Each structure stands twice: as C-alpha cells, then as structure tokens.
Amino acid sequence: KIVPREFGVKEGMGPGGITAIVTKTGNQKAAYVTIDGNNMVSGLREEILSSLRELGVTAGEVLTTDTHAVNGIVITERGYHPVGEALDRSRLIGYIRQAVIEALSHLETSMASWRIETVPDVKVLGEKQIEALSVLAERTAQQARKLTLSVLPTTTVLLVTILMFL
C-alpha cells in the first residue's frame, strides 16, 4: 500500500491511496491494483496494465473504490476529479509500479480451494422485486407531485392572508 502525499482529495485520490495485490500461478503473475478514488479517466487503466507488463505481470485489473470522500471538494460539473484527471499520470503509474514491485517481493506459497453450497429457503431481492419497488417509488413521486400542486395554491392564499393581518 502506498499513499502518495502529493495526491489528495482535490486531485481525486482518497486517503486509502494505492493498494496492490499480486498472485502467481505457474509462470503467470497477476496484479490487482485498487486506487482510492471515484471513477477513472478513459485509457488510464490500459496505460497502467501496459506499464505492469514490463515488471512481468501478464494479467490483472485496475479498480477504484468508488469512494465519496473526494466528492463535493472541487468546483467542477461532477464535483470531483476522476482518478487521472487532475494528477500527474506518470507519477501515479510510478507509485503503482512501486506498490506492485513491493507486492512481488512478498510473494508467499499458498493454497486455494473452493466449494459450492446450496442454502435452501433464502429469499433474495430479484428482478421482479426490484421492478416492483421502482414502480412503487415512481407512483409515490407522482402522488407527491399531485398533492403539492393541489395544496400549494391554498397554502399560498392562506399565508398571504395571515401576513396581511400581522
């Protein structure tokens, strides 16, 4: 994990900085890089993965945490800078490479396993339930609009009358 001091919430990076996890299976090394930020500029992911190939990393992914710590900090249309928009991309890639090199130096032997279990009688929120909730929310919003439009004129007249006698 690396937390660059020069990049902060104004530049679109949250306090979590950069984290790299590297796995090795046979001769294949995969790096999973997480940047504490909200979204990422187009093309940066490919630049990062290309740079990691020079380190022998043949697979991997670059993720952002979708943190909201960076939101509402700067005056832009979005209210934040996606990762790579307001910071030096080459320095960012340098920090990412540093984190991956550090992770590569700490590789340990491990084992993995998996298993499938079926849990009976578990209720989940599926497509039909989500659609029903969406319809309910829309109907509620429509009713609220109708109510506002019908109550607003009466309330306005009542308020003006009260203010005239004060």
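Residues numbered from 1 in each chain as written. Predicted model: local features only at pLDDT ≥ 70, side-chain atom pairs only at ≥ 80, totals over all residues. Heavy atoms only, no water.

A.B. asks: Please set out the overall build of the chain residue by residue, giving values where relevant.
C.D. replies: Scanning the chain from terminus to terminus reveals three helices and three strands. N-terminal to C-terminal, the α/β element order of the chain is β-β-α-β-α-α. Taking 166 residues into account, the globule formula puts the C-alpha radius of gyration at 15 Å, and the chain, at 26 Å, lies well above it. Of all 166 residues assigned to the chain, the portion counted as buried reaches 27%. On the chain, roughly 12100 Å² of surface is accessible, and the fraction owed to carbon and sulfur atoms is 58%. Each charge sign in the chain was given a centre, from 17 positive and 18 negative side chains, and these centres are 2 Å apart. (Helix = DSSP H or I, 4+ residues; strand = E, 2+ residues; numbered from the N terminus. Rg over C-alpha atoms; globule rule 2.2 N^0.38 Å. Buried < 20%, exposed > 50% of the residue type's maximum accessible area, 1.4 Å probe, protein only. Areas by Shrake-Rupley, 256 points an atom, 1.4 Å probe, with all protein chains shown as cover. Lys, Arg positive; Asp, Glu negative; His and termini not counted. Charge placed at Lys NZ, Arg CZ, Asp CG, Glu CD.)

A.B. asks: Can you tell me about the sheet that holds strand β3 (residues 59-64), naming the residues and giving the values?
C.D. replies: Spatial strand order, β1-β2-β3: three strands in an open sheet with mixed pairing. Unpaired on one side and paired on the other, β1 (18-25) and β3 mark the two borders of the sheet. Sheet twist, expressed as the mean angle between neighbouring strand axes with direction ignored, is 10 degrees. Where strand β2 (residues 28-35) meets β3, six bridges bridge the pair, whose relative direction is parallel. Bridging across to β3, Tyr 32 finds its partner in Glu 61. The strands that helix α2 (residues 89-104) touches are β1 and β2; relative to β1, the one it contacts most, it runs at about 45 degrees. (Pairing = 2+ DSSP bridges. Axes fitted to C-alpha atoms, helices over the stretch in contact; angles between N-to-C directions. Contact = heavy atoms within 4.5 Å.)

A.B. asks: An account of the nonpolar core is needed here, citing residue identities and associated values.
C.D. replies: Counting residues in each nonpolar core, the largest one holds 27 residues, and the members touching the most others are Ile 18, Ile 35, Ile 48, Leu 52, Leu 92, Ile 96 and Val 100. Of all elements in the fold, only β1, β2, α1 (44-53) and α2 reach the threshold of two or more residues within this core. For this core, the element with the most residues is α2, which contributes eight residues. Discounting residues that sit within four places of it in the chain, Ile 18 has contacts with Lys 1, Ile 2, Pro 4, Met 13, Val 33, Thr 34, Leu 92, Tyr 95, Ile 96 and Ala 99. (Core = buried A, V, L, I, M, F, W, Y, C linked by side-chain atoms within 4.5 Å.)

Limitation: the analysis is restricted to geometry and does not speak to function.
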